[in-house]
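As a plain string of letters, each chain reads:
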Amino acid sequence: MNTHNLKLGVNIDHVATLRQARGTVYPNPLAAARLCEAAGAHGITVHLREDRRHIQDRDVTALRKALKIRLNLEMAATPEIIAIALKVRPDEVCLVPEKRRELTTEGGLDVFGQWKTLKTAVARLADEGIAVSLFIDPDRRQLDAAAAVGAPVVELHTGTYCDAAGASIRRELKRLMDGARYAHALGLQVNAGHGINLDNIRGILCVPCLDTLNIGHSIVARAVLVGMRLAVREMLKAMAGYRG
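Residues numbered from 1 in each chain as written. Predicted model: local features only at pLDDT ≥ 70, side-chain atom pairs only at ≥ 80, totals over all residues. Heavy atoms only, no water.

As a further point, take the environment of isoleucine 136. The residue isoleucine 136 is located in strand S5 (residues 131–136) in this model. Sequence spacing of isoleucine 136 and leucine 213 is 77 residues, and the spatial spacing of their C-alpha atoms is 14 Å. Those residues within four positions of isoleucine 136 in sequence are excluded, and the remaining contacts are Gly108, Leu109, Val111, Gln142, Leu143, Ala146, Val154, Glu155, Leu156 and His157. (Helix = DSSP H or I, 4+ residues; strand = E, 2+ residues; numbered from the N terminus. Contact = heavy atoms within 4.5 Å.)

Right, let's talk about the packing of helix H4 (residues 79–88) against helix H5 (residues 115–127) for a bit. The geometry of H4 relative to H5 is characterised by a closest axis approach of 10 Å and an angle of 15 degrees between their N-to-C directions. Considering the angle they form, H4 stands roughly parallel to H5. Once H4 is placed against H5, the crossing between them reads as right-handed. For the pair formed by H4 and H5, the contact residues are Ile82, Ala85 and Leu86 on the first element and Ala121, Arg124 and Leu125 on the second. Along the lines of polarity and charge, the residues of the contact of H4 with H5 split into five nonpolar, no polar and one charged. (Axes fitted to C-alpha atoms, helices over the stretch in contact; angles between N-to-C directions. Parallel < 35°, antiparallel > 145°, perpendicular 65-115°, else oblique. Left-handed = near helix turned anticlockwise from the far one by under 90°. Nonpolar A, V, L, I, M, F, W, Y, C, P; charged D, E, K, R; others polar.)

What follows covers the packing of helix H2 (residues 29–39) against helix H3 (residues 57–66). Two numbers describe how H2 lies on H3: the axes approach to 9 Å, and their chain directions differ by 35 degrees. The hand of the H2/H3 crossing is right-handed. Facing H2, whose interface residues are Pro29, Leu30, Ala33 and Arg34, H3 presents Asp59, Ala62, Leu63 and Ala66. Partitioned by chemical class, the residues of the contact of H2 with H3 number six nonpolar, no polar and two charged.

It is worth spelling out the pairing of strand S2 (residues 43–47) at this point. Burial within S2 is extensive, with five of its five residues counted as buried. Residues Gly43, Thr45 and His47 point to one face of S2 and Ile44 and Val46 to the other, with burial holding for every one of them. In terms of strand pairing, strand S1 (residues 7–11) meets S2 through three bridges, oriented parallel. Opposite asparagine 11, over in S2, you have threonine 45 as the bridge partner. (Buried < 20%, exposed > 50% of the residue type's maximum accessible area, 1.4 Å probe, protein only. Pairing = 2+ DSSP bridges.)

Structure follows, in structure tokens:
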């Protein structure tokens with residue numbers, strides 16, 4: 001196979017987590033995003049949660065105005081957040097499930113079970129020229145539903161694989177590989193994300209048909225030790241040579 005230019009989207013939510021912990025004005029997510037951009041990242045991802053636990057509305061607006069690379073807004077398909085997305089107009093929206101008490105996103109969307117709501121949301125966003133991605137598990141029924149609601153992109157939930165141990169590692173990797181091939185056959189762009197770090201990325205690079213990896217927590221955590229530019233460059237180096 002030919003080498004494929006696998007793209008990196010950096011999720012900077014946890015830069016804002018550090019800021020919100022003390023209610024200060026620093027560290028500034030926009031400053032972090034600019035460092036990611038300078039280091040070669042292809043996009044920036046932020047999750048505007050309903051409880052505003054980290055990223056704030058002003059962050060999304062500032063990023064939209066300043067970034068030259070793509071802005072991907074993770075969000076729940078709620079009227080309030082959809083209205084904000086329609087106003088800010090990010091390059092891409094990734095619809096995700098959201099629970100108030102979760103530490104981070106737990107599992108993929110139930111597209112099959114929420115078909116009507118998601119179809120309406122996808123249509124509203126697409127009408128404004130915003131590409132829509134659905135964050136889902138590598139399950140054929142969910143992938144079929146994603147294609148049926150009109151989303152052009154899926155982001156496969158890699159967290160189950162990244163958290164796996166023992167014999168389940170191979171099983172979860174196979175699920176991702178099969179899901180990516182199936183999604184690609186449906187004509188969907190295939191992204192992936194959640195829980196990816198420098199230790200487990202080798203397995204992720206075995207997954208075919210990938211366009212973009214969205215990685216956040218591990219890059220921000222590494223940046224605490226080595227700086228944001230180097231943390232991004234290390235991940236890009238680890239991704240180099242991916243064969244789609």
